[in-house]
Amino acid sequence: MSPLDSGFKIVRREQSVRSRQHRGVLTEVIYESDTLEILRTEMEMGSACDSLEFGDFSAVHFVIGGTPGFRTAIEAADLMPGDSIIFNSETPYTILNGAPSRTVILSILFRTFATEIRA
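Structure report, in brief.

Scoring rules and cut-offs
Residues numbered from 1 in each chain as written. Predicted model: local features only at pLDDT ≥ 70, side-chain atom pairs only at ≥ 80, totals over all residues. Heavy atoms only, no water. Pairing = 2+ DSSP bridges. Helix = DSSP H or I, 4+ residues; strand = E, 2+ residues; numbered from the N terminus. Axes fitted to C-alpha atoms, helices over the stretch in contact; angles between N-to-C directions. Phe/Tyr/Trp six-rings, centres within 6.5 Å; stacked < 30°, edge-to-face > 60°. Buried < 20%, exposed > 50% of the residue type's maximum accessible area, 1.4 Å probe, protein only.

**Structural notes on the sheet that holds strand E4 (residues 48-50)**
Part 1 of the argument: If you walk across this open sheet you meet the four strands as E4-E9-E6-E7, and the pairing is antiparallel. A single partner strand is all that each edge strand has here, and the edge strands are E4 and strand E7 (76-78). Averaged over all pairs of adjacent strands, the angle between their axes in this sheet comes to 15 degrees, without regard to strand direction.
Part 2 of the argument: In the sheet, strand E6 (residues 69-71) pairs with E7 via three bridges, with the strands oriented antiparallel. Note that in E7 the partner of Phe 70 across the bridge is Ala 77.

Put into structure tokens, the structure is as follows:
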């Protein structure tokens, strides 16, 4: 019987969580599979990260806390908790935390689209 035959699958913390910290940005991989990756990103005041740090994937970013700014070459948007934003894999963007508080973002990266394009 496969794990999904029972209706759910438990992923233990030690099976999927890995993290990386760089220039005031802490990113934890909460879950990963062949088709998607779920990340929790915490950004200190004044920090920034760009889409290259997430990989060549389409992404949905959901703001949990703080007020991050998302910037592309032609557009900008400041989000608040509860807001989300979607990017395709071709659009480079930057996430900035200019607020005096910490920002927390939950991200879903869709690996299937990038894999299909490369094939």
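**A word on the packing of aromatic side chains**
Part 1 of the argument: Enumeration over the complete set of coordinates arrives at three aromatic pairs.
Part 2 of the argument: For the ring pair Phe 87 and Tyr 93, a centre distance of 3.8 Å and an interplane angle of 10 degrees mean the geometry is stacked. For the pair Phe 87 and Tyr 93, a shared accessibility class is recorded, and that class is buried.
Part 3 of the argument: Ring-pair connections join several aromatic residues into one group, and the members of that group are Phe 54, Phe 70, Phe 87 and Tyr 93.

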